[in-house]
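The residues making up each chain are set out below.
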Amino acid sequence: MPDGGAPKPRYEAVKEFVLSRIASGEWAVHARIPSENELGPMLGVSRITVNRAFAELARDGRLRKVPGVGTFVAPRLDAGKPRMGLTSIESIAEEIRGRGMEWSCEVLALGAATLTDEAADALGLPRGGRVPASMILHKGDLLPIQLEERFIQPGYAPGYGAQDFSARTTYDFLREVGEVTEMEQAVSAILPDENLARLLEVGPRDPCLVIRRRTFRRGEATTFSRLTQPASRFELSGRYRMQDGPGGHYSL
């Protein structure tokens, strides 16, 4: 500590202890580390102190807290978080691989499914109808990155429900068989409910980003997707060319 400096908060000392064990390799990536109740007595601090240290390290992407299971060393995302553009469609698998992680996924549902009200309205279909749909959990180095829920306009992508989406993404398939002339996206922030928190392996107060996306073919809505990702593990970005607009203002 520098001369005259204030004493370091105890939770910061806990963070340094955890990071030193990770840096030394004693606690390897994906390894379960001592719980808050175990680590507190080891370091002579309260469980609340350890809880704060763990929470900050989880927000920084160094730890992964799985409710009801334990706390684990998270893989480093030194190359940056998986990133998605605001005005383009990219493959989530390639985004994950591009950040130096291994992509994998769990196909949670595939086949005909009842439209949610949100999806029915987005596709211009009657509520309660059934359409080709999928729910897929994408991971990077086994860490959940994105929950993809997708609904397909009937007749748009024949054979959708028969694909092996554990081997290739819905993006790859739809790029081959579909035609997209327009796309719109809306982004919002939510706190996960119990089921979503379990799937994404986050806490109930960990914010998530939700991207609602519609694609169109010559004016007709063809797909609706709801893409949910922990905010700490994902990034949205965009770069735009500015043009001189009327009256000297800039426009996109």
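Residues numbered from 1 in each chain as written. Predicted model: local features only at pLDDT ≥ 70, side-chain atom pairs only at ≥ 80, totals over all residues. Heavy atoms only, no water.

Asks: An account of helix α1 (residues 10-24) is requested, with residue identities and associated values reported.
Replies: The end-to-end C-alpha separation of α1 is 21 Å, in line with the 21 Å expected for 15 residues at 1.5 Å each. Turning to α1, its buried residues are Y11, V14, K15, F17, V18 and I22. One face of α1 carries all of its buried residues, which in axial projection span an arc of 160°. Facing away from the buried side of α1 by more than 90 degrees, the exposed set consists of A23 and S24. Positive phi appears at G25, one or two residues downstream of α1, with a value of about 90°. (Helix = DSSP H or I, 4+ residues; strand = E, 2+ residues; numbered from the N terminus. Expected span 1.5 Å × (residues − 1). Buried < 20%, exposed > 50% of the residue type's maximum accessible area, 1.4 Å probe, protein only. Arc of directions from axis to C-beta.)

Asks: Tell me what's going on with the nonpolar core, and back it up with residues and numbers.
Replies: Of all hydrophobic cores here, the largest spans 18 residues; its most connected members are I96, I152, A157, Y160, F173 and L174. Looking at this core, the elements with two or more residues in it are α4 (92-98), β4 (103-114), β6 (143-152) and α6 (170-177). Per element, the largest residue contribution to this core is 3 residues, and it comes from α4. Core analysis: the second largest hydrophobic core is formed by 15 residues, V18, V45, F54 and V73 among them. (Core = buried A, V, L, I, M, F, W, Y, C linked by side-chain atoms within 4.5 Å.)

Asks: An account of the pairing of strand β2 (residues 70-73) is requested, with residue identities and associated values reported.
Replies: Regular strands show a simple pattern: their side chains alternate between the two faces of the sheet. Residues G70 and F72 point to one face of β2 and T71 and V73 to the other, with burial holding for every one of them. Of the pairings in the sheet, the one linking strand β1 (residues 63-66) to β2 comprises 4 bridges and is antiparallel in character. When the bridges of β2 are listed, K65 appears paired with T71. (Pairing = 2+ DSSP bridges.)

Asks: For the pattern of salt bridges, give the residues involved together with the corresponding values.
Replies: Under the criterion given, the structure shown has 17 salt bridges. In this structure, E201 engages R64 in a salt bridge whose closest nitrogen and oxygen atoms are separated by 2.0 Å. Note that E201 is positioned in the loop between α7 (194-200) and β8 (208-217) and R64 in strand β1, a separation of 137 residues in sequence. Taking the relative accessible area as the measure of exposure, E201 reaches 16% and is therefore buried. Here R64 falls in the buried class, since its relative accessible area comes to 10%. Where R212 meets E118, a salt bridge forms, and the shortest distance between an N and an O atom there is 2.5 Å. Linking R212 in strand β8 with E118 in helix α5 (residues 117-123), this pair joins segments that are 94 residues apart in sequence. Classification of E118 by relative accessible area gives partly exposed; the value is 31%. (Salt bridge = Lys/Arg side-chain N within 4 Å of Asp/Glu carboxyl O.)

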